[in-house]
Amino acid sequence: PGQVLAEIVVASAGGIHERQLAVVAVDDARAGKRLVLVHEGSVPAATIGSTLLSYHAWCPGFRRISATVAVDQIPRSPLGKPLASELSRIAAEAVN
């Protein structure tokens with residue numbers, strides 16, 4: 001998910017900052033895992049949509065984002081790192 005996140009930020013052409021996003025893999029009955037983009041609600045939905053269209057135009061199918069989830073703020077540790085387990089829980093609850 002880290003490389004996917006960096007590629008999405010590049011696809012946004014400066015419209016989204018890396019601290020506003022996180023990509024997590026959640027369990028999926030058919031595919032095993034699927035990628036979900038968790039983003040802060042301050043990022044406009046139109047920006048997320050256009051960025052994903054651009055990203056999906058060239059990324060391989062197994063790295064496509066299957067859903068997006070908006071949160072008030074990305075949960076972070078005291079050191080500022082995204083809390084992966086919390087993000088995974090949020091994404092799983094939202095998409096299942």
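Let me begin by describing the structure that accompanies this report. Starting afresh in each chain, residues are numbered from 1 along the sequence in its written order. Only residues with pLDDT of at least 70 are given local features in this predicted model, and only at 80 or more are side-chain atom pairs given and counted; all residues enter the totals for whole chains, interfaces and linings. Side-chain measures were taken over the full set of non-hydrogen atoms in the model, leaving aside hydrogen atoms and water.

Overview of the overall build of the protein chain
Note on conventions: DSSP H or I runs of at least 4 residues are helices, E runs of at least 2 residues are strands, and numbering of each starts at the N terminus. In terms of regular secondary structure, the protein chain is built from 3 helices and 3 strands. Of the regular secondary structure in the protein chain, the N- to C-terminal order runs α-β-β-α-β-α. Each residue gets one of three labels from its accessible area relative to the maximum for its type: buried under 20%, exposed over 50%, partly exposed in between, using a 1.4 Å probe on protein chains only. With 96 residues in all, the protein chain has 40% of them scored as buried. Contacts are assigned to residue pairs that have any heavy atoms within 4.5 Å of one another. A separation threshold of at least 6 residues defines the contact pool for the protein chain, and within that pool the share at least 24 residues apart is 56%.

A look at the nonpolar core
Counting residues in each nonpolar core, the largest one holds 16 residues, and the members touching the most others are Ile8, Leu21, Val23, Leu37 and Ile65. At the level of secondary structure, the elements contributing two or more residues to this core comprise α1 (2-11), β1 (21-28), β2 (32-40) and α2 (45-56). When residues of this core are assigned to their parent elements, the largest contribution, 5 residues, is made by α1. Beyond its immediate sequence surroundings of up to four residues, Ile65 is in contact with Val4, Ile8, Val23, Leu35, Val36, Leu37, Leu52, Tyr55 and His56. Residues belong to a common nonpolar core when they are buried Ala, Val, Leu, Ile, Met, Phe, Trp, Tyr or Cys residues joined through side-chain atoms within 4.5 Å. Of all hydrophobic cores here, the second largest spans 12 residues; its members include Ala67, Val69, Ile74 and Ala91.

Side note on α2
Since there are 3.6 residues in each turn of an α-helix, residues three or four apart along the chain are aligned in direction. Take the residue count of a helix, subtract one, and multiply by 1.5 Å to get its expected span. Relative to the 16 Å expected for 12 residues at 1.5 Å per residue, α2 spans 16 Å between its end C-alpha atoms, a close match to the ideal helical length. Those residues of α2 lying buried are Ile48, Thr51, Leu52, Tyr55 and His56. Buried residues along α2 cover an arc of 125° about the axis, so they all sit on one side. Projecting away from the buried face of α2 at angles above 90 degrees are the exposed residues Ala46 and Leu53. Looking at the buried residues of α2, the elements they touch are α1, β1, β2 and β3 (65-71). It is the directions from the helix axis to the C-beta atoms whose arc is reported.

Some thoughts on the packing of α1 against α2
To get an axis, a line is fitted to the C-alpha atoms, and for a helix only the part in contact is used. The angle between two axes follows their N-to-C directions and goes from 0 to 180 degrees. Interhelical geometry of α1 versus α2 gives an angle of 110° and a closest axis separation of 8 Å. Classified by the angle their axes make, α1 and α2 are roughly perpendicular. Crossing handedness for the pair α1 and α2: right-handed. Contact with α1, carried on its side by Val4, Glu7, Ile8 and Ala11, involves Thr51, Leu52, Ser54 and Tyr55 of α2 and no other residues of that element. Its residues placed into classes, the contact of α1 with α2 shows 5 nonpolar, 2 polar and 1 charged. When an angle is under 35 degrees it counts as roughly parallel; over 145 it counts as roughly antiparallel; between 65 and 115 it counts as roughly perpendicular; any other value is oblique. Should the near helix be turned anticlockwise from the far one by less than a right angle, the crossing is left-handed, and should it be turned clockwise, the crossing is right-handed. Ten residues, namely Ala, Val, Leu, Ile, Met, Phe, Trp, Tyr, Cys and Pro, are considered nonpolar, four, namely Asp, Glu, Lys and Arg, are considered charged, and the remaining ones, Gly among them, are considered polar.

Details of the pattern of salt bridges
Any Lys or Arg side-chain nitrogen found within 4 Å of a carboxyl oxygen on Asp or Glu counts as a salt bridge. Summed over the entire model, instances satisfying the criterion amount to 5 salt bridges. Here Glu86 makes a salt bridge to Arg89, at a shortest N to O gap of 2.5 Å. Of the two residues, Glu86 and Arg89 both sit in helix α3 (residues 84-95), 3 residues apart, roughly one turn of that helix. Overall, Glu86 belongs to the partly exposed group, its relative accessible area being 28%. What makes Arg89 partly exposed here is its relative accessible area of 38%.

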